[in-house]
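Observations on chain architecture
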Amino acid sequence: MLNIVIFGAPGSGKGTQSDNLIKTYNLFHISTGDVLRDNIKRGTELGATAKAYIDKGQLIPDDLMIGILADVLDSNKEAAAQGVIFDGFPRTIAQAEALETMLQERGTSVSTVIGLEVPEEELIERIILRGKQTGRTDDNMETVKNRLAVYHNQTSPLQAFYKEKGLYQAIKGTGKIEEIFDDIRRAVDAVK
Ligand code: AMP
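To keep things clear, this report deals only with the structure shown in the data block.

Turning our attention to the nonpolar core. Within the largest apolar cluster, 38 residues are counted, with the highest numbers of intra-cluster contacts made by Ile 30, Phe 86, Leu 99, Val 113 and Tyr 162. The element best represented in this core is helix H4 (residues 62-75), accounting for seven residues. Those residues in contact with Val 113 that lie beyond four places of it in its chain are Val 5, Phe 7, Tyr 162, Leu 167, Tyr 168 and Gln 169. Counting 15 residues, the second largest nonpolar core, distinct from the first, contains Leu 21, Tyr 25, Leu 116 and Ile 184.

What follows is the structure, given as structure tokens:
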């Protein structure tokens, strides 16, 4: 199995490059942000809980998020047989440790972590533009500041976590989308 964690700050291009990865490799895509937004749209109880955190730019509590991920994995065993693109998960050390255990229990592991690196000014520009284009409610200046602070405090320590395991591959996340993807493909092929 090829299990890819696509990692980076909000606005770094994880969703866009996940779409490219899906087209190139036969992998199952899990975007935890999409799972939550879908629950909000369908008006589920989980959606109502998630919305309160998302609108403030905060993370959904680890226990809840880890449970959701396990459910998604278990309900898509066949689709995920070749491997999974984890997009937006893990976002904390606790989630990364839980992911390790979950994959171990399923006889597999993280193959590589693709870290999209983009300067902060460009992240903000991209997120504000996406908010205007898509109407995504957490893509506004106020929430963005919180999301970036959360990224620095809770998520960026994962770089060191995965570097220590020899799994982190840094990718320059600026420039042309296709050129960024060429770099990603080379990084993925190196571990295939
Ligand atoms: P994203 O679409 O990945 O940018 O996620 C949008 C929002 O969903 C985040 O700002 C969080 O509030 C929430 N979220 C998504 N993934 C996670 C996660 N792995 N852990 C906690 N919260 C998450």
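Looking now at helix H5 (residues 93-105). Compared with an ideal rise of 1.5 Å per residue, which puts 13 residues at 18 Å, H5 spans 18 Å between its outermost C-alpha atoms and is within 8% of the ideal. Of all the residues in H5, the buried ones are Gln 95, Ala 96, Ala 98, Leu 99, Met 102 and Leu 103. The buried side chains of H5 occupy one side of the element, clustering within an arc of 160° when seen end-on. The exposed set on the far side of H5, more than 90 degrees from its buried face, consists of Gln 104 and Glu 105. Buried residues along H5 sit in contact with strand E1 (4-8), H4, strand E3 (84-87) and helix H8 (157-164).

Mapped onto the secondary structure, Arg 42 falls in helix H2 (residues 32-42). Given the relative accessible area of 54%, Arg 42 is considered exposed. Separated by 57 residues in the primary sequence, Arg 42 and Leu 99 have C-alpha atoms spaced 27 Å apart.

Take the site of the ligand next. Taken together, 16 residues lie around the ligand, and Thr 32, Arg 37, Gln 58, Gly 88 and Gln 95 are the ones closest in. Thr 32 is positioned such that a nitrogen or oxygen atom in its side chain is 2.8 Å from a nitrogen atom of the ligand. Between the ligand and the protein, one listed contact pairs an oxygen atom with a backbone N or O atom of Gln 58 at 2.6 Å. Within the complex, the protein chains bury 96% of what would otherwise be the 480 Å² of accessible surface of the ligand. Given that more than half its atoms are within 2 Å of the pocket grid, the ligand belongs to the largest pocket. Counting residues per element, the shell around the ligand draws most heavily on H2, which supplies four residues. Within the shell around the ligand, the residues separate by chemical class into six nonpolar, five polar and five charged.

Structurally, the position occupied by Pro 119 is in the loop between strand E4 (112-117) and helix H6 (120-134). For the pair Pro 119 and Ile 93, spaced 26 residues apart in the sequence, the C-alpha separation amounts to 23 Å.

By the secondary structure assignment, Lys 14 is in helix H1 (residues 14-24). Despite its burial, Lys 14 pairs with no opposite charge, the nearest such side chain being Asp 87 at 5.2 Å. Of note is the side chain of Lys 14, whose polar atom sits 3.1 Å from the backbone oxygen of Gly 8. Other than its neighbours up to four places away in sequence, Lys 14 contacts Ile 6, Phe 7, Gly 8, Ala 9, Asp 87, Gly 88 and Leu 116.

Let us now look at the layout of surface pockets. In this structure, the largest pocket occupies an estimated 1,000 Å³ of space. Every residue lining the largest pocket is counted, 47 residues in all, and those nearest its centre are Lys 14, Arg 91, Arg 130, Arg 136 and Arg 147. Elements with a minimum of two residues in the lining of the largest pocket: E1, H1, strand E2 (28-31), H2, H6, helix H7 (141-155) and helix H9 (177-189). When residues in the lining of the largest pocket are grouped by element, the largest group, six residues, is from H6. Residues that form the lining of the largest pocket fall into these classes: 17 nonpolar, 19 polar and eleven charged. Volume-wise, the second largest pocket comes out at about 190 Å³. Contributing to the lining of the second largest pocket are Arg 37, Asp 38, Ile 40, Lys 41, Lys 51, Ile 54, Asp 55, Gly 135, Arg 136, Thr 137 and Asp 138. Those elements that place two or more of their residues in the lining of the second largest pocket are H2 and helix H3 (45-56). When residues in the lining of the second largest pocket are grouped by element, the largest group, four residues, is from H2. In terms of residue class, the lining of the second largest pocket is built from two nonpolar, two polar and seven charged.

Cut-offs used in this document
- Residues numbered from 1 in each chain as written.
- Predicted model: local features only at pLDDT ≥ 70, side-chain atom pairs only at ≥ 80, totals over all residues.
- Heavy atoms only, no water.
- Core = buried A, V, L, I, M, F, W, Y, C linked by side-chain atoms within 4.5 Å.
- Buried < 20%, exposed > 50% of the residue type's maximum accessible area, 1.4 Å probe, protein only.
- Helix = DSSP H or I, 4+ residues; strand = E, 2+ residues; numbered from the N terminus.
- Contact = heavy atoms within 4.5 Å.
- Expected span 1.5 Å × (residues − 1).
- Arc of directions from axis to C-beta.
- Near = heavy atom within 4 Å.
- Polar contact = N/O pair within 3.5 Å; in protein donor to acceptor, adjacent residues only side chain to side chain.
- Areas by Shrake-Rupley, 256 points an atom, 1.4 Å probe, with all protein chains shown as cover.
- 1 Å grid on protein atoms, 1.4 Å probe; cavity = no way out; pocket = protein on both sides within 12 Å on 5 of 7 lines; lining within 4 Å.
- Sits in = over half its atoms within 2 Å of the grid points.
- Nonpolar A, V, L, I, M, F, W, Y, C, P; charged D, E, K, R; others polar.
- Lys, Arg positive; Asp, Glu negative; His and termini not counted.
- Salt bridge = Lys/Arg side-chain N within 4 Å of Asp/Glu carboxyl O.
- Points joined across faces, edges and corners; volume = space filled by probe spheres on them.

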